[in-house]
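Notes for the structure review
The residues making up each chain are set out below.
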Amino acid sequence: MKNVALITGASGGIGRELAKVHAAAGGDLILVARRAHELENLKHELETAHGITAVCVPADLTEFGAVHHVIEQCRQVTDSIDILINNAGFGGHGKFYERDWAKEASMIRLNIMALTELTHLVVPTMIKAGRGQILNLGSTAGFLPGPMMANYYATKAYVNSFSQAIAEELKGTGVTVTVLCPGPVETGFGAEANLDGVEAFKHATNANHVAKIGYDAMRRGKLLAFDSWKFAFLLGWVVPLLPRKLVLFISRKSMEKA
Ligand SMILES: NC(=O)c1ccc[n+]([C@@H]2O[C@H](COP(=O)([O-])OP(=O)(O)OC[C@H]3O[C@@H](n4cnc5c(N)ncnc54)[C@H](OP(=O)(O)O)[C@@H]3O)[C@@H](O)[C@H]2O)c1
């Protein structure tokens, strides 16, 4: 295999679109998610369309030992992972204290633990090779506290922070880290998170557009990528200057159902 990208959450949404973009650029793929059938369909589609090689590794990344299992499967087929895309993640709407704890814990295991463990396992070999690129799926949600999606917003704050910090640590090694911070995107995420009727999700962006922006930013070794200059401006320059209580109020309003 050559120019290998390992993509988690490749069975749908943004991850699926990222796989398509990488395949169109001639790169090989390791596709990870729970739905094996969706991965097999994507493998077939991309191998036929682009003459690349794709390997499917079905796995539930919230399970203990799953990340090690994925890396073991990768070692069977390739010596190097050139690109790691930590995309798998989910959210959930509702008051934190009313939500099912098992679901909240699973969210932390997927959005934080799996991403961090995969990065920890892959980075040393990338450093040894003197090259490698990592794209982590953060979110605009990671720049704010998110009433009605408190745990999800907090997991994305972790991803945004962790990604930028290790990008700095990796300077000079040939390994870059990019964090993609989309606003609302039209994927399976909305249904999974029960976001029907949520104000912020009424104008969701197309997943292919977001994937192209993230992939391009990763290729150029950029630190942060947004899918709209408006989010970059508001979250980078306006929100930090506002009083916290006002930020919380606006954030809550944007997550309320009509
Ligand atoms: N959509 C948005 O508005 C939005 C905005 C900002 C950031 N993001 C982030 O973008 C990333 C991708 O989300 P998306 O919008 O593309 O949502 P999506 O369409 O629901 O896709 C999520 C992907 O993650 C996989 N996944 C879920 N649970 C998993 C598990 N336990 N183990 C392994 N894979 C698992 C799913 O595959 P299986 O079901 O087959 O396992 C699927 O491929 C997430 O990190 C999300 O937080 C999304």
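Overview of the structure. (Residues numbered from 1 in each chain as written. Predicted model: local features only at pLDDT ≥ 70, side-chain atom pairs only at ≥ 80, totals over all residues.)

Quick look at the overall build of the protein now. Tallying secondary structure elements over the protein gives 9 helices and 9 strands in all. Compactness check: the protein gives a C-alpha radius of gyration of 18 Å against a globular reference of 18 Å for 258 residues, within 12% of the reference. Along the longest, intermediate and shortest principal axes, the C-alpha atoms of the protein span 50 × 40 × 35 Å. Counting the 258 residues in the protein, one finds 42% classified as buried. Across the protein, the fraction of contacts at a sequence separation of at least 24, relative to all contacts at a separation of at least 6, is 67%. (Helix = DSSP H or I, 4+ residues; strand = E, 2+ residues; numbered from the N terminus. Rg over C-alpha atoms; globule rule 2.2 N^0.38 Å. Buried ≥ 20, exposed ≤ 12 C-beta atoms within 10 Å, placed from the backbone. Contact = placed C-beta atoms within 7 Å.)

Attention now goes to the sheet that holds strand S3 (residues 54-58). Read across the open sheet, the 7 strands follow the order S3-S2-S1-S4-S5-S6-S9; overall the sheet is parallel. Strands at the two margins of the open sheet, each flanked by one partner only, are S3 and strand S9 (224-226). Direction aside, the axes of adjacent strands within the sheet are offset by 15° on average. On top of the sheet, helix H2 (residues 36-50) reaches strand S2 (28-33) and S3; it is set at about 175° to S3, its chief contact. (Pairing = 2+ DSSP bridges. Axes fitted to C-alpha atoms, helices over the stretch in contact; angles between N-to-C directions.)

For a regular strand, the rule is simple: side chains alternate between the two faces of the sheet. Of all 6 residues in strand S5 (residues 132-137), 6 are buried, a share of seventy percent or more. Across the two faces of S5 the burial is the same, with Gly132, Ile134 and Asn136 and Gln133, Leu135 and Leu137 all buried. Where the polypeptide runs from strand S4 (residues 83-86) across helix H4 (residues 101-129) and back to S5, its parallel neighbour, the crossover connection is right-handed. With respect to chirality, the unit in which S5 leads through helix H5 (residues 150-169) into the neighbouring parallel strand S6 (residues 175-181) is right-handed. (Right-handed = clockwise from strand over helix to strand, strands pointing away.)

Right, let's get into helix H1 (residues 13-24). The α-helix advances 3.6 residues per turn, and as a result positions three or four apart in sequence lie on the same side. For H1, which comprises 12 residues, the first-to-last C-alpha distance of 17 Å matches the rise-based estimate of 16 Å (1.5 Å per residue) to within 8%. The element H1 is extensively covered by neighbouring structure, given that 10 of its 12 residues are classed as buried. Those residues of H1 that fall on the buried side of the exposure criterion are Gly13, Ile14, Gly15, Arg16, Glu17, Leu18, Ala19, Lys20, His22 and Ala23. Positive backbone phi, at 90°, marks glycine 26, one or two positions downstream of H1. (Expected span 1.5 Å × (residues − 1).)

Turning to the nonpolar core, a few remarks are in order. If you look at the biggest cluster of nonpolar residues, it comprises 64 residues, and the most contacted ones within it are Leu6, Ile7, Ala19, Leu29, Leu31 and Val32. Tallying contributions element by element places H4 first for this core, with 7 residues. Not counting residues up to four positions away in its chain, the partners in contact with leucine 29 are Ala5, Ile7, Ala19, His22, Ala23, Leu46, Ile52 and Ala54. (Core = buried A, V, L, I, M, F, W, Y, C linked by C-beta atoms within 7 Å.)

Now for the site of the ligand. With respect to spatial proximity, 30 residues lie near the ligand, and among them Gly9, Gly13, Arg34, Arg35 and Gly89 are the closest. At the level of elements, H1 and helix H6 (189-192) are the ones that each hand at least two residues to the shell around the ligand. Per-element tally for the shell around the ligand: the top contributor is H1, with 3 residues. Counted by class, the shell around the ligand contains 12 nonpolar, 13 polar and 5 charged residues. (Near = placed C-beta within 6 Å. Nonpolar A, V, L, I, M, F, W, Y, C, P; charged D, E, K, R; others polar.)

With that settled, consider the environment of methionine 218. Among the structural elements, methionine 218 can be located in helix H7 (residues 207-219). Under the C-beta neighbour-count criterion, methionine 218 is labelled buried, with 25 such atoms within 10 Å. The contacts of methionine 218, once residues within four sequence positions are left out, are Gln133, Leu135 and Thr178.

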